[in-house]
Amino acid sequence: FGVELALPHAGHYQLMADLVPTGGAPQLLQRTITTAGYDGPLSTTPALAADLSDKVVDNTRVQLAMREAMAGGERLMTFTLTDALTGAPADNVEPYLGATGHLLRVNADLSAAAHSHPIAEEGPPSTVAFQVLFPRAGMHRVWVQFQRAGRVLTASFTIPVMERYRAGT
């Protein structure tokens, strides 16, 4: 398996590969690389701001609905896709890589990452839901992918995850 990659500038990068070997179990591989010519810090965590707003990608509006996320808990994340020009449901969502959607969740320092597929496919094709575990408090970035009319759409959201309340603390 090989990928040609042109990085935009010298830097410190985190690479992730999500794969299923023939006859094997799903795997999410992570590797950190530092390019030649980079002389900056090696362990910084970016300051992320919450971003739950609708996204428009290739004339498709992607809207997220979910309850407040809590550390150590799962949340249902429901994405509704509509035509950005007409507001009509995006009924032409197609399978992409064997599923109606893909979701990648990482925390701000990239130490916890997970890939998931939609839960049981019920309801209109323009609504896709994922059950997502948020292992720690802090900001988590989520990327979702869907295919509509032969085009892969990617949208990102930044989710604030609260500490779970514990009695007596």
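Just above, that's the structure.
Structural notes, computed from the coordinates. (Residues numbered from 1 in each chain as written. Predicted model: local features only at pLDDT ≥ 70, side-chain atom pairs only at ≥ 80, totals over all residues. Heavy atoms only, no water.)

Judged by pairing direction, the sheet is antiparallel, and its four strands sit side by side in the order β3-β4-β6-β10 without closing on themselves. Both edges of this open sheet fall to β3 (55–57) and β10 (127–134), since each of them pairs with a single strand only. On average, each strand axis in the sheet is inclined to that of its neighbour by 30°, with strand direction left out of account. Note that strand β6 (residues 73–83) and β10 share eight bridges and pair antiparallel. When the sheet's bridge partners are listed, Leu76 is paired in β10 with Gln131. (Pairing = 2+ DSSP bridges. Helix = DSSP H or I, 4+ residues; strand = E, 2+ residues; numbered from the N terminus. Axes fitted to C-alpha atoms, helices over the stretch in contact; angles between N-to-C directions.)

Met77, Phe79, Val144 and Ile159 are the most contacted members of the largest nonpolar core, which has 23 residues in total. Among the secondary structure elements, those contributing two or more residues to this core are β4 (60–65), β6, β10, β11 (138–148) and β12 (151–162). When near neighbours in sequence (up to four residues on either side) are disregarded, Phe79 contacts Val62, Gln63, Leu64, Leu103, Ser126, Thr127, Val128, Phe130, Val144, Phe146 and Phe157. (Core = buried A, V, L, I, M, F, W, Y, C linked by side-chain atoms within 4.5 Å. Buried < 20%, exposed > 50% of the residue type's maximum accessible area, 1.4 Å probe, protein only. Contact = heavy atoms within 4.5 Å.)

Relative to the elements of secondary structure, Ala65 occurs in strand β4. A relative accessible area of 45% places Ala65 in the partly exposed class. For the pair Ala65 and Pro135, spaced 70 residues apart in sequence, the C-alpha separation works out to 20 Å. Other than its neighbours up to four places away in sequence, Ala65 contacts Leu76, Met77 and Thr78.

Right, let's talk about the packing of aromatic side chains for a bit. Inspection of every chain in the model, using the stated rule, returns three aromatic pairs. Ring geometry for Phe79 against Phe157: centres 5.6 Å apart, planes inclined by 50°, an arrangement best described as tilted. Here Phe157 lies in strand β12 and Phe79 lies in strand β6, a separation of 78 residues in the sequence. Owing to a relative accessible area of 0%, Phe79 belongs among the buried residues under this scheme. According to the relative accessible area criterion, Phe157 is buried, its value standing at 0%. Of the aromatic side chains, those joined through ring pairs into one cluster are Phe79, Phe130, Phe146 and Phe157. (Phe/Tyr/Trp six-rings, centres within 6.5 Å; stacked < 30°, edge-to-face > 60°.)

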